[in-house]
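Coordinates in review
Spelled out from the first residue to the last, the chains are:
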Amino acid sequence: MQKLADGLHKFHAEVCRTHEDLFRHLARGQRPEALFITCSDSRINPNLITQTQPGDIFIVRNAGNIVPPYGAGNGSEAAAIEFAVAHLEVKHIIICGHTLCGAMRGLLDPSGLDEMPAVKSWLQHAELTRRLVQENYPHIEGEDRLTITVEENVLAQIENLRTHPTVRARLARGELSVYAWVFKIETGRVFQFEHSTGQFGPMGDTVPPSALPEAAVFRRAI
Ligand code: ZN
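Residues numbered from 1 in each chain as written. Predicted model: local features only at pLDDT ≥ 70, side-chain atom pairs only at ≥ 80, totals over all residues. Heavy atoms only, no water.

As for the coordination of the zinc ion
The protein atoms donating to the zinc ion are C39 (SG), H98 (NE2) and C101 (SG), with metal-donor distances spanning 2.1 to 2.3 Å. Positions of the donor residues of the zinc ion, expressed as sequence spacing, correspond to C-x58-H-x2-C. An identical accessibility class is assigned to H98 and C101; each is buried. (Donors = N, O, S within 2.8 Å, 3.2 Å for Na, K, Ca; no water. Buried < 20%, exposed > 50% of the residue type's maximum accessible area, 1.4 Å probe, protein only.)

Digging into the domain arrangement of the protein
Each assigned domain of the protein is listed with its residue range as follows: domain 1 (1–29) and domain 2 (31–202). Computed over C-alpha atoms, the centres of domain 1 and domain 2 are 29 Å apart. Taken together, the five residues of domain 1 in the interface contact four residues of domain 2. Counting each side, the surface lost to burial between domain 1 and domain 2 is near 260 Å², with a carbon and sulfur contribution of 69%. (Domains from an automatic or database assignment. Contact = heavy atoms within 4.5 Å. Buried area = accessible area lost by both parts, 1.4 Å probe.)

Quick notes on the packing of aromatic side chains
Tallied over the full model, the rule gives four aromatic pairs. Relative to W181, the ring of F36 has its centre 6.1 Å away and its plane inclined at 75°; by these criteria the two rings are edge-to-face. Remark: W181 occurs in strand 4 (residues 177–184) and F36 occurs in strand 1 (residues 34–39); sequence separation between them is 145 residues. When its relative accessible area of 11% is taken as the criterion, W181 is described as buried. Between F193 and F200, the ring centres sit 5.4 Å apart and the planes meet at 65°, which makes this aromatic pair edge-to-face. What makes F193 buried here is its relative accessible area of 1%. What makes F200 buried here is its relative accessible area of 11%. (Phe/Tyr/Trp six-rings, centres within 6.5 Å; stacked < 30°, edge-to-face > 60°. Helix = DSSP H or I, 4+ residues; strand = E, 2+ residues; numbered from the N terminus.)

Next comes the structure, spelled out in structure tokens:
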């Protein structure tokens, strides 16, 4: 805990002082460009990996970067999405999974979740992911199976995201773009889903962000 307390002090003494204008500006309100939905895992930090500042991205986090379909779940994710899209008018929504995801590991092997009934129940919102992997990738095992599950889950949650009325309405007007990303913890690299190839490929200086088409997207089975 001391590490956190020291950090608070250092932040106030050093960062706030050198970013006075930014924080004064943010005190007047927020205008984030994107809604960033990712996992609660401590190894992924949205602002760090995108090199963005406070005020740049509106972040929703939960176990497994899950978006319950509209009307399902407890409404927390729906409220955050509605606020970001309808009120803040974000122009982009990114769902970003990550390699080595414990939630996705639990989805593949629910026997370890008997002592975590809330997690088990939460992962029901990833049933599409589980079924896609079970039926389309029976021959792939181990860590490769986990990585495919992470990728399929990002695409499955994009489908759930599209059930939210505010998202659908703004997609229909061409005012919103959605993106499927996976952060690779081992290398710090982000991979995005490319509709043209049906696969996730690395992003970089020469690879611009690739928005998903309006219709449902599928990872090409291998
Ligand atoms: Zn995770």
